[in-house]
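Per-entry structural report
The chain contents come next:
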Amino acid sequence: MALLFVSKRTYLVLFTYVVFLGHLCNGFYLPGSYMRTYSTGQEIFAKVNSLTSIETELPFSYYSLPYCTPSGGIKKSAENLGELLMGDQIDNSPYRFRMNINESVFLCTTHPLSEHEVKLLKQRTHDLYQVNMILDNLPAMRFANQNGVKIQWTGFPVGFTPPGSKDDYIINHVKFRVFVHEYEGAGVQIIGTGEEGMGVISTSDDKKKSAGYEIVGFEVFPCSVKYEPEKMAKLHQYDEVDSVNCPLEQEKSQIIREQEKVSFTYEVEFVKSNVRWPSRWDAYLKMEGARVHWFSILNSLMVIFFLAGIVFVIFLRTVRRDLTRYEELDKESQAQMNEELSGWKLVVGDVFREPNHSKLLCVMVGDGVQITGMTVATILFAAFGFMSPASRGMLLTGMIILYLFLGTGAGYAGVYLWRTIKGTSEGWRSVSWSIAFFFPGIVFIILTVLNFILWGSNSTSAIPISLYFILLSLLFCISVPLTLLGGYLGTRADPIQFPVRTNQIAREIPAQKYPSWLLVIGAGTLPFGTLFIELFFILSSIWLGRFYYVFGFLLVVLMLLVVVCAEVSVVLTYMHLCVEDWQWWWKAFYASGSVSLYVFLYSMKYLVFDLQSLSGPVSAILYLGYSLIFAIAIMLSTGTIGFITSFYFVHYLFSSVKID
């Protein structure tokens, strides 16, 4: 009773403390979503990200083109690991905004364009490169009408080529519309971290201080305007100029031509909005065809659940009937049944025989456990809002960190399987080292080949040498030691004991009517059915620059994929055992892992039919390289799920057989 009383009193104190904190603060914001308020007239400078194109998928630095530079020089923003790997290069810019002050401003006039600069501008224009600007962590958004449909884009083009014209024109004037919401402090600042620093809890005395305006929207309207060089030469940066109406005539637009001086100007308009700061990303996350997206996912889920349910029910009834008939017979009848009947009961002495290339199987299962754990944890974090689009690169950074720290699970699973197959711990260090370097080695080789191509193209997505050393340091200092630790723990665990003995002489496998690999490859179609719709949206977000936000649905699809992979692998294993094929180990792995083949083929289909704008052999090679890494990761993950399920199924099945 005393313990119960203490427990209740403790809960009461904790509850009172939580209520007290609730009165102190109005909300809690996750890291990466730090809110800033600005007073009227306060200066805010926009930032620029890499130039991007859906035609080439090769990002380039903003200042690789003859744009205006800041008076204090170009300064790079601090970037996380994910941003560096994605090719983001965020720099400061001369674009200055003063809160709630509408103005039209002169920026600079370039020197006469050289032949190289003209060639570069024309090339970037023809490749549909976009300028990506960021204000208060919000990317610039642009709306365009195509065939009567309003389309949303992020960024604005470098230039344009009018229909029927051979000349190219540069975008040298942009109109910015900044949406602001008036924020009145409630005696609290925000807890969280962001680009600008750390927020703190303030007291009620700071109420006036915390009031101000928060930026909730950032739109851009680009156009090309030809200015008189003599008139613009008299102006200095941030001098006021007349407001510009974007000309429709080509004669009044700024052509890209040698020895031409280009003047850059911009206008700023502040508009009050009722949108509050927590909802400011809603405008970016509205995807076209959202209703089709949701209904397609639901339809896919229902169909797969229905098919998987039928297969599972039929399978359970078949196995249960076999076991019931077998257990009802006495020993003599069982022996006679073994001699007269064919099926899985005849391979009882070979079913747990060591498979070919058993070390490779243990290594792939270990890496599969690591990749599966990373995927599940990442999607869970993203589904609960810990990795918002406001935190650039956090998704990829989180995946890498999770992968590194899940090395313990990989080493444990691989060595534990090795010890179960071999019956001894001898050689576990070799298995652990192989697990630590198998998948990272494949990724390293592919990325190195792609990186040489990117270095040759001077793209910002090329991984610098320093980042290579950082990644290798993380691998050797975190993943490798944890994998070895997991392997050591695997040697200390009791291995799974096989329920039946293995014969000294292997049983001959009867000739099959159809090759077994055909059945294994065909088995991947059912798991692929759970993926292909969601795969379209994932590929679109990667290659077309769209935001992907339905992580809740992705989590459901992932759970469904795990169930279907397990069922498909178990059914295929049972079918092979029924035709006296006891070499089920690798078949169980590839039965579910073969979904990666269909994922890779679907990626090729997406490249040919849905990504028609992609041009050039360099872009195609990059696409194929990244798709290959994606497919290998899926093969290891889904193959591991199917293999582990099949292993425990076979163990359970033959544990029910009474053999002397």
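Residues numbered from 1 in each chain as written. Predicted model: local features only at pLDDT ≥ 70, side-chain atom pairs only at ≥ 80, totals over all residues. Heavy atoms only, no water.

Notes on the overall build of the chain
As a reminder, the rule being used: Numbering of helices and strands runs from the N terminus; a helix is a DSSP stretch of H or I covering at least four residues, while a strand is a stretch of E covering at least two. When a residue's accessible area, from a 1.4 Å probe over protein chains only, is under 20% of the maximum for its type it is buried; when over 50% it is exposed; and in between it is partly exposed. By definition in these notes, contact holds between two residues if any of their heavy atoms fall within 4.5 Å. Note that accessible areas follow from Shrake-Rupley with a 1.4 Å probe, and for residues the cover is restricted to the protein chains shown.
Helix and strand counts for the chain stand at 18 helices and 16 strands. A burial count over the chain gives 49% of its 660 residues as buried. Sequence-distant contacts in the chain: of pairs separated by 6 or more residues, those separated by 24 or more amount to 83%. Accessible surface for the chain amounts to roughly 33400 Å². Of this, 62% is attributable to carbon and sulfur atoms.

Some thoughts on empty space enclosed by the protein
The cut-off we apply is this: Cavities and pockets are found on a 1 Å grid laid over the protein atoms alone: a cavity is a set of points where a 1.4 Å probe fits but cannot escape, a pocket is an open set with protein on both sides within 12 Å along at least five of seven lines, and a lining residue has an atom within 4 Å of such a point. Grid points are joined across faces, edges and corners, and a volume is the space filled by probe spheres set on the points. The classification used treats Ala, Val, Leu, Ile, Met, Phe, Trp, Tyr, Cys and Pro as nonpolar, Asp, Glu, Lys and Arg as charged, and all other residues, Gly among them, as polar.
Applying the stated criterion across every chain, the model contains two cavities of 30 Å³ or more. For the largest cavity, the calculated volume is near 70 Å³. Considering the residues around the largest cavity, the lining is formed by Tyr62, Tyr67, Tyr95, Val131, Phe156, Ile171, Asn172, His173, Val174, Phe264 and Thr265. For the lining of the largest cavity, the elements supplying multiple residues, two or more each, are strand S12 (173-183) and strand S16 (263-272). For the lining of the largest cavity, a count of residues per class yields eight nonpolar, three polar and no charged.

Overview of the confidence of the model for the chain
So the rule is basically this: Known as pLDDT, the predictor's per-residue confidence is scaled from 0 to 100.
Per-residue confidence for the chain gives a mean pLDDT of 81; residues scoring 70 or more make up 80%. Predicted confidence is poor over residues 1-32, with pLDDT under 50, and the contacts of this stretch with residues over four places away or in other chains come to 20 contacts. Note that pLDDT drops below 50 for residues 187-209; the model gives that stretch 43 contacts with residues more than four away or on any other chain.

Here we look at the sheet that holds strand S6 (residues 138-139)
Just so we agree on the cut-off: In this analysis, strands are considered paired if DSSP registers two or more bridges between them.
In spatial order, the strands read S2-S1-S5-S6; together these four strands make up an open sheet with antiparallel pairing. Lying at the two open borders of the sheet, with one neighbouring strand each, are strand S2 (91-98) and S6. With two bridges joining them, strand S5 (residues 133-135) and S6 adopt antiparallel strand pairing. Paired with Leu135 across the bridge in S6 is Leu138.

Looking at the state of the cysteines
Rule in force here: Cysteine sulfur atoms are paired as a disulfide whenever they fall within 2.5 Å.
Taken as a whole, this structure holds one disulfide when the rule is applied. Across the disulfide from Cys68 sits Cys108; the S-S distance is 1.8 Å. Torsion about the S-S bond of the Cys68 and Cys108 cystine: about -85°, corresponding to left-handed handedness. Here Cys68 is found in the loop between strand S1 (43-48) and helix H2 (81-86), whereas its partner Cys108 is found in strand S3 (residues 103-109), with 40 residues between them in sequence. Per residue, the accessibility class of Cys68 equals that of Cys108, and both read buried.

Side note on unusual backbone geometry
In the Ramachandran plot, His357 falls in the positive-phi region, its phi being about 55° despite a non-glycine side chain. Structurally, His357 can be placed in the loop between helix H7 (331-340) and helix H8 (358-383). Of note in the backbone geometry, Glu580 takes a positive phi value of approximately 65° without being a glycine. Along the polypeptide, Glu580 turns up in the loop between helix H15 (551-578) and helix H16 (585-593).

Describing the packing of helix H14 (residues 525-543) against H15
This is how it is decided: To define axes, lines are fitted to C-alpha atoms, for helices over the stretch in contact only, and angles between the resulting N-to-C directions are given on a 0 to 180 degree scale. Angular relationships are summarised with four words: roughly parallel below 35 degrees, roughly antiparallel beyond 145, roughly perpendicular across 65 to 115, and oblique for the angles in between. Put simply, a crossing is left-handed when the front helix is turned counterclockwise from the back one by less than a right angle, and right-handed when it is turned clockwise.
In contact at an axis separation of 8 Å, H14 and H15 are set at 155° when each is read in the N-to-C sense. Compared by their axis directions, H14 and H15 come out roughly antiparallel. Between H14 and H15 lies a crossing whose hand is left-handed. Packed against H14, whose contacting residues are Leu526, Pro527, Thr530, Leu531, Glu534 and Ile538, the element H15 presents Leu554, Val557, Leu560, Leu561, Val564, Cys565 and Val568 at the interface.

Things to note about the packing of helix H10 (residues 407-422) against helix H11 (residues 428-457)
Interaxial distance between H10 and H11 falls to 9 Å at its minimum, and their mutual angle equals 140°. As far as their axial angle goes, H11 and H10 are oblique. Crossing geometry of H10 relative to H11 is assigned as right-handed. Within the contact between the two elements, H10 uses Ala410, Gly411, Gly414, Val415 and Trp418 and H11 uses Trp428, Val431, Ser432 and Ile435. Across the contact of H10 with H11, the residue classes tally to six nonpolar, three polar and no charged.

Some words on the packing of aromatic side chains
Rules: Here is the rule: rings of Phe, Tyr and Trp (six-membered ring for Trp) pair when centre to centre is within 6.5 Å. Planes less than 30 degrees apart are stacked, more than 60 are edge-to-face, and the remainder are tilted. A ring is considered to have a charge above it if a Lys NZ or an Arg CZ atom is located within 6 Å of its centre and within 35 degrees of its normal.
Applying the stated criterion across every chain, the model contains 40 aromatic pairs. Their ring planes at 55° and their centres at 6.1 Å tell us that Tyr403 and Phe439 sit as a pair that is tilted. In this pair, Tyr403 sits in helix H9 (residues 394-405) while Phe439 sits in helix H11, placing the two residues 36 residues apart along the sequence. As far as burial versus exposure is concerned, Tyr403 and Phe439 are alike and both buried. Between Trp433 and Phe437 the ring centres are 5.9 Å apart and the planes differ by 5°, which places this aromatic pair in the stacked class. Here Trp433 and its partner Phe437 are both found in helix H11, four residues apart, which amounts to about one turn of the helix. Residue class for Trp433 comes out partly exposed when judged on its relative accessible area of 40%. Residue class for Phe437 comes out partly exposed when judged on its relative accessible area of 29%. Through a chain of ring-to-ring contacts, three or more aromatic side chains come together here, namely Phe352, Phe498, Trp584, Trp585, Phe643, Phe647, Tyr648 and Phe654. The ring of Phe60 has Arg124 sitting right over it, with the charged end atom 3.9 Å from the ring centre. The aromatic ring of Tyr129 is capped on one face by Arg124, whose charged end is 5.3 Å from the ring centroid.

Notes on the side chain of Ser596
Mapping Ser596 onto the fold places it in helix H17 (residues 595-610). Judged by relative accessible area, Ser596 falls into the buried class, the value being 9%. Dropping the residues within four chain positions of it, Ser596 is found in contact with Ala631, Ile634 and Met635.

Comments concerning H9
As a reminder, the rule being used: Expected span of a helix, by definition, is 1.5 Å for each gap between consecutive residues, and there is one gap fewer than residues.
The terminal C-alpha atoms of H9 lie 16 Å apart, and with 12 residues this matches the ideal 16 Å at 1.5 Å per residue to within 8%. Taken as a whole, H9 has its buried residues at Thr397, Gly398, Ile400, Tyr403 and Leu404.

What about a nonpolar patch on the surface?
Worth spelling out the cut-off: Two joining distances apply to patches: 9 Å for like charges and 5 Å for nonpolar side chains (Val, Leu, Ile, Met, Phe, Trp, Tyr), and every residue must have over 30% relative accessible area and no salt bridge. One side-chain nitrogen of Lys or Arg within 4 Å of one carboxyl oxygen of Asp or Glu is enough to make a salt bridge.
A cluster of nonpolar side chains, contributed by Val376, Leu380, Phe381, Phe384 and Phe386, occupies part of the molecular surface with about 460 Å² of accessible area. Residue position: Phe381 is located in helix H8.

Some thoughts on H15
Counted at 1.5 Å a residue, the expected span for H15 with its 28 residues is 40 Å, and the 40 Å between its end C-alpha atoms agrees. When you tally the buried positions in H15, you get 21 out of 28 residues, the bulk of the element. Glu580 sits one or two positions beyond H15 and adopts a positive phi of about 65°.

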